[in-house]
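Coordinate analysis (summary)
Residues per chain, in single letters:
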Amino acid sequence: MAVVAGWVGGLLGALAAVAAPAGAAAPEAVGAVGAASGPAARTGVAAASRAAPGAPGDPDGPASSAVGFVAVAEVDASIGQEMRYATPHNFTGAVVDGYDEPVCLLARPAAEALRRAQREVLRHGYSLLVYDCYRPQRAVDRFVRWARDGADQSTKTEFYPRVAKDRLIPEGYIAERSGHSRGSTVDVTLAELGRSALDLGTPFDFFDPLAHTDNPRVTGAAREHRDLLKRVLGRQGFVNLPQEWWHFTCAPEAFPATHFDFPVSVASVHR
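Residues numbered from 1 in each chain as written. Predicted model: local features only at pLDDT ≥ 70, side-chain atom pairs only at ≥ 80, totals over all residues. Heavy atoms only, no water.

1. A look at helix α4 (residues 108-123)
In this model α4 runs 23 Å from its N-terminal to its C-terminal C-alpha over 16 residues, within 8% of the 22 Å that 1.5 Å per residue would give. The element α4 is largely enclosed, with a buried count of 14 among its 16 residues. (Helix = DSSP H or I, 4+ residues; strand = E, 2+ residues; numbered from the N terminus. Expected span 1.5 Å × (residues − 1). Buried < 20%, exposed > 50% of the residue type's maximum accessible area, 1.4 Å probe, protein only.)

In structure tokens form, the structure reads like this:
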């Protein structure tokens, strides 16, 4: 599993923080960017878009600017990352345009909310594991080109066995715009601590009604896992897309009107 280096170490620090007695100064699993929490983090959306001159929320700030974004590993190293579009293991069968590195980038308020959700998930004995976070517009464009290429059926068995490829766009599985490009949306699942993902009824990016979050055919442990994921993330302001159990958007969004196109790399947020 392509999990970023340091996940296990981050988990150890996070577990120590979760287990610390009330009022104790527990170690934090944060990196150079740091992490705020509490009411200030919940109300930080406007501040993020005013972070600096030329910020993405500013009319003079181009959509190629990553001001207001952070690398999630530098906010909480305990959150697992298996960034599928930076590898060939995705529905296109190849590394996707714009994914220079296998890292999760998000607008800071979304990253902070994800950190708070991780603390609750750890208390249940699990960890969050993200598959995709910020997605550049060039990657969305690549998805559309792939969906229109009827000759390429190489990933059908794994990702869309019961849907004709020429129906993926009309039925809404692939779109020309994505909330991921605004920086507050994450594709996420639950995992055993430091290990593989739990059963949530379908794989990630499975184009099928069975992936709908509340599909009644999903029962037992998979249903419990879906409900736990939705409940914990919902408490931190994440809204689920009903057609995809893994897809959550942190509301209100930091940049609700901007679709970005800077590459996915740590360097993008450190400029």
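2. So, the sheet that holds strand β2 (residues 80-81)
Spatially, five strands are ordered β2-β4-β5-β7-β6 in an open sheet, and the strand pairing comes out mixed. Either end of the sheet is taken by a strand with one partner, and the two such strands are β2 and β6 (238-240). As defined by bridge partners, strand β5 (residues 185-192) adjoins strand β7 (residues 247-250) across three bridges and the pair is classed as antiparallel. Bridge pairing in β7 places D187 opposite H247. Those strands touched by α4 are β4 (126-132), β5, β6 and β7, and its axis lies near 145° from that of β4. Along the sheet, helix α7 (residues 220-235) makes contact with β4, β5, β6 and β7, crossing β5 at roughly 130°. (Pairing = 2+ DSSP bridges. Contact = heavy atoms within 4.5 Å. Axes fitted to C-alpha atoms, helices over the stretch in contact; angles between N-to-C directions.)

3. Side note on the state of the cysteines
Overall, the coordinates contain one disulfide when judged by the stated rule. Note that C104 is cross-linked by a disulfide to C133, the S-S spacing being 2.0 Å. Judged by the sign of its S-S torsion, about -100°, the cystine formed by C104 and C133 is left-handed. Linking C104 in the loop between β2 and β3 (105-107) with C133 in the loop between β4 and α5 (137-147), this pair joins segments that are 29 residues apart in sequence. The class for C133 is buried, based on a relative accessible area of 0%. (Disulfide = S-S within 2.5 Å.)

4. Focus: the packing of aromatic side chains
Under the definition given, this model contains 19 aromatic pairs. Consider the rings of Y85 and Y99, whose centres lie 5.7 Å apart with planes at 65°: the pair is edge-to-face. Of this pair, Y85 sits in the loop between β2 and β3 while Y99 is found in the loop between β2 and β3, placing the two residues 14 residues apart along the sequence. Y85 gets classed as buried once you look at its relative accessible area, which sits at 1%. Pairwise contacts between aromatic rings join Y85, F91, Y99, Y131, F143, W146, Y160, Y173, F204, F207, W245 and W246 into one cluster. The ring of W146 carries K165 above its face, with NZ or CZ at 4.0 Å from the centroid. (Phe/Tyr/Trp six-rings, centres within 6.5 Å; stacked < 30°, edge-to-face > 60°. Lys NZ or Arg CZ within 6 Å of the ring centre and 35° of its normal.)

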